[in-house]
Amino acid sequence: MIAYNYEEIWDKFTSTYKTILNSDLFFYSYILKSKLLFIQNDTITIYCPNTFIQRFYNERYDVVSSVYAEILGRECALNFTTEMLEEPEEEEDLIFGDSSSDSKSAPSGFVSNLNPRLTFENFVVGDNNRHAYSIAKQISLNPGTVFNPVFIYGNSGLGKTHILHAVGNEIMRIDPSKKVLYVPTETFTNEFIYSLQYNKTEAFKNKYRSVDVLLIDDIQFISRKEGTQEEFFNTFNELYLKDKQIMIACDRKISDIKDLADRLKTRFENGIIADITVPGYEERVAIMLKKTENLSMELPRDVIDSIAQSDINNVREIEGILNQFLLMTSHGQKITMDEAKLALKHLNITEVKEVNTELILNVVSRYFKVGVEDILSKNRSKQIVLARHIAMYFCREKLGYSYTRIADEFGGMDHTSVSDGCKNMQIRYLKDEDVKDYIDEIKRMIG
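Residues numbered from 1 in each chain as written. Predicted model: local features only at pLDDT ≥ 70, side-chain atom pairs only at ≥ 80, totals over all residues. Heavy atoms only, no water.

**A word on the overall build of the chain**
Each helix and strand counted, the chain has 20 helices and eight strands in total. Its C-alpha radius of gyration of 24 Å places the chain within 12% of the 22 Å reference for a compact globule of 447 residues. Structurally, the chain occupies a C-alpha span of about 75 × 55 × 40 Å along its principal axes. With 447 residues in all, the chain has 52% of them scored as buried. Sequence separation of 24 or more characterises 73% of the internal contacts of the chain that already satisfy a separation of 6 or more. A total accessible area of about 21200 Å² is found for the chain, and carbon and sulfur atoms account for 47% of it. If you average the places of the 53 positive and of the 67 negative side-chain charges in the chain, the two averages end up 5 Å apart. (Helix = DSSP H or I, 4+ residues; strand = E, 2+ residues; numbered from the N terminus. Rg over C-alpha atoms; globule rule 2.2 N^0.38 Å. Buried < 20%, exposed > 50% of the residue type's maximum accessible area, 1.4 Å probe, protein only. Contact = heavy atoms within 4.5 Å. Areas by Shrake-Rupley, 256 points an atom, 1.4 Å probe, with all protein chains shown as cover. Lys, Arg positive; Asp, Glu negative; His and termini not counted. Charge placed at Lys NZ, Arg CZ, Asp CG, Glu CD.)

Now the structure itself:
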């Protein structure tokens, strides 16, 4: 076994990666909070204190891997874990572990990847996530028997990952012998590639097909990866036929995952589907109060109220603001309204004082990922026409504007076209589930 100086390797990595990353905020909030645990069997195991940092590393897998390759002089696999693991006394496969045990307790080589801090107790329940929360609670009590599979979708940063970990932690609290595995899809893909590269496909299959509960995050990243889709399909089938619980999270609807094999779509659609939408004002306040409590950080109520009323779209944006505040308070700074405004500006979040045409256009623009100038133009592409009609609809329904005024606000359009567009949205809201979802979520984003 090679003797490594982990502290020296970590120092070299951080100094090199700091230059590549070029962001003091991410470096101090993410990189320096993680730790190199150990290296065995050409696998580097790195501790991440939460799933956000784990996701951060997984999204930069290739770059991080190349930095370590330069330091060590050879290629190594990376294993990012939220558990503070001890270095095994004997060499074993740290990615695939020992999956052959049939004992009443999970085998010692098995790593669940669960973050113990993400539980139902610290998950803030509101109208935006109540359905998904209810389903999650039920399957945690009866995994594999009540709802299976479960597919949860919603925009990034709304709490899908928290729910996955909460389910896993609750199942293991009730029955520690259960083998529960949380894994981002990118990690599944990276480990599949590693298994092919080093002839460990059987170990890979044993790891994923021997679990009692499989929690897969960010399944949208399986798009266009035919080999990964094939392997995941076979894994899914084997677990499903054994009544093992499968729970999947995605940032979009099943139908919106590009180049997803039809047979996988069918498997997902045959299960229970729940969405998580943007939190409203009350939920934002509750989330901030809960998270500041967990961070042992006090914020003035007017600061919390100001941020909760801003054009904020997800929990991750709230956490980004709180991370900035935490860094500031660690240096003795007090958080004021001016600091809150700077934090919002840093994340390109608009302070919201009143609902007007400009706000509606900005929210619709962000939601559909099209420019405001496109919405106001005469562009007739399907996506832009839909965004334009929904923006008009909200000017009518939310602001009570006349068709003539909306026509003026939208650059001098014909008021008959505005009338037709608004009425079309009213009809489609009642008959088209997709349009209903769009309007409901944008309504919540507008506030």
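**Topic: the packing of aromatic side chains**
Across all of its chains, the model carries 26 aromatic pairs by this definition. Relative to Phe-204, the ring of Phe-188 lies with its centre 5.2 Å away and its plane at 65°, an arrangement referred to as edge-to-face. Taken together, the residues span a long stretch of sequence, with Phe-188 in helix H7 (residues 185-197) and Phe-204 in helix H8 (residues 201-209) at a distance of 16 residues. The residues Phe-188 and Phe-204 share a single accessibility class, namely buried. For the ring pair Tyr-367 and Phe-368, a centre distance of 5.1 Å and an interplane angle of 80° mean the geometry is edge-to-face. With respect to class, Tyr-367 is no different from Phe-368; both count as buried. Members of the aromatic cluster, each reached through a chain of ring pairs, are Phe-151, Phe-188, Phe-192, Phe-204, Tyr-208, Phe-232, Phe-236, Tyr-240 and Phe-268. One residue, Arg-60, lies across the ring of Phe-56, its end atom 3.8 Å from the ring centre. (Phe/Tyr/Trp six-rings, centres within 6.5 Å; stacked < 30°, edge-to-face > 60°. Lys NZ or Arg CZ within 6 Å of the ring centre and 35° of its normal.)

**Some details on the sheet that holds strand S6 (residues 213-217)**
Paired through their backbone hydrogen bonds, the strands of a sheet run either parallel or antiparallel. Taken in spatial order, the five strands line up as S5-S6-S7-S4-S8 in an open sheet, and their pairing is parallel. Because the sheet does not close on itself, it has two edges, and the strands there are strand S5 (180-184) and strand S8 (272-275). Pairwise comparison of adjacent strand axes, ignoring direction, gives a mean angle of 15° for this sheet. Against the sheet, helix H9 (residues 226-241) contacts S6 and strand S7 (245-250), and its axis sits at roughly 140° relative to S7. (Pairing = 2+ DSSP bridges. Axes fitted to C-alpha atoms, helices over the stretch in contact; angles between N-to-C directions.)

**Focus on the environment of Gln-229**
Along the chain, the position of Gln-229 falls in helix H9. On the accessibility criterion, Gln-229 (6% relative accessible area) is buried. For the pair formed by Gln-229 and Cys-395, sequence separation is 166 residues and the distance between their alpha carbons is 43 Å.

**What to know about unusual backbone geometry**
Cis geometry is found at the peptide bond from Asn-148 to Pro-149, where omega equals -10°. Relative to the helices and strands, Pro-149 is located in the loop between helix H5 (130-141) and strand S4 (150-153). At Asp-218, a residue that is not glycine, the phi angle is positive and equals roughly 55°. Turning to its location among the elements, Asp-218 is positioned in the loop between S6 and H9. For Asp-218, a relative accessible area of 8% translates into the label buried. A positive phi angle, close to 70°, is found at Arg-224, a residue other than glycine.

**Some remarks on helix H19 (residues 415-431)**
The periodicity of an α-helix, 3.6 residues per turn, causes residues three or four positions apart to be oriented the same way. Spanning 17 residues, H19 covers 25 Å between terminal C-alpha atoms, matching the ideal 24 Å at 1.5 Å per step. Those residues of H19 that fall on the buried side of the exposure criterion are Val-418, Ser-419, Gly-421, Cys-422 and Met-425. Taken down its axis, H19 places every buried residue within 165° of arc, on the same side. Projecting away from the buried face of H19 at angles above 90 degrees are the exposed residues Leu-430 and Lys-431. Where the residues of H19 are buried, they touch helix H17 (382-397), helix H18 (403-409) and helix H20 (433-446). (Expected span 1.5 Å × (residues − 1). Arc of directions from axis to C-beta.)

**Thoughts on the confidence of the model for the chain**
Counting all residues, the mean pLDDT for the chain is 83, and 91% of those residues have values of 70 or more. Ignoring residues within four places in sequence, the model shows residues 99-105, a span with pLDDT below 50, making seven contacts including any to other chains. (pLDDT = per-residue confidence, 0-100.)

**A short note on the environment of Asn-356**
Assignment of secondary structure puts Asn-356 in the loop between helix H14 (337-346) and helix H15 (357-368). Taking the C-alpha atoms as reference points, Asn-356 and Ile-390, 34 residues apart in sequence, are found 14 Å from one another. Here the side chain of Asn-356 touches Leu-359 through a polar contact of 2.8 Å, landing on its backbone nitrogen. (Polar contact = N/O pair within 3.5 Å; in protein donor to acceptor, adjacent residues only side chain to side chain.)

**Re the pattern of salt bridges**
One pass over the structure, following the stated rule, counts 16 salt bridges. For Glu-231, the salt bridge goes to Arg-209, with nearest N and O atoms at 2.7 Å. In this pair, Glu-231 is assigned in helix H9 and Arg-209 in helix H8, connecting sequence segments 22 residues apart. Among the salt bridges present, the one from Glu-238 reaches Lys-242, with a minimum N-O distance of 3.3 Å. The partly exposed category is assigned to Glu-238, whose relative accessible area is 31%. For Lys-242, a relative accessible area of 43% puts it in the partly exposed group. One network of salt bridges, in which partners are shared, links Arg-209, Glu-231, Glu-238 and Lys-242. (Salt bridge = Lys/Arg side-chain N within 4 Å of Asp/Glu carboxyl O.)

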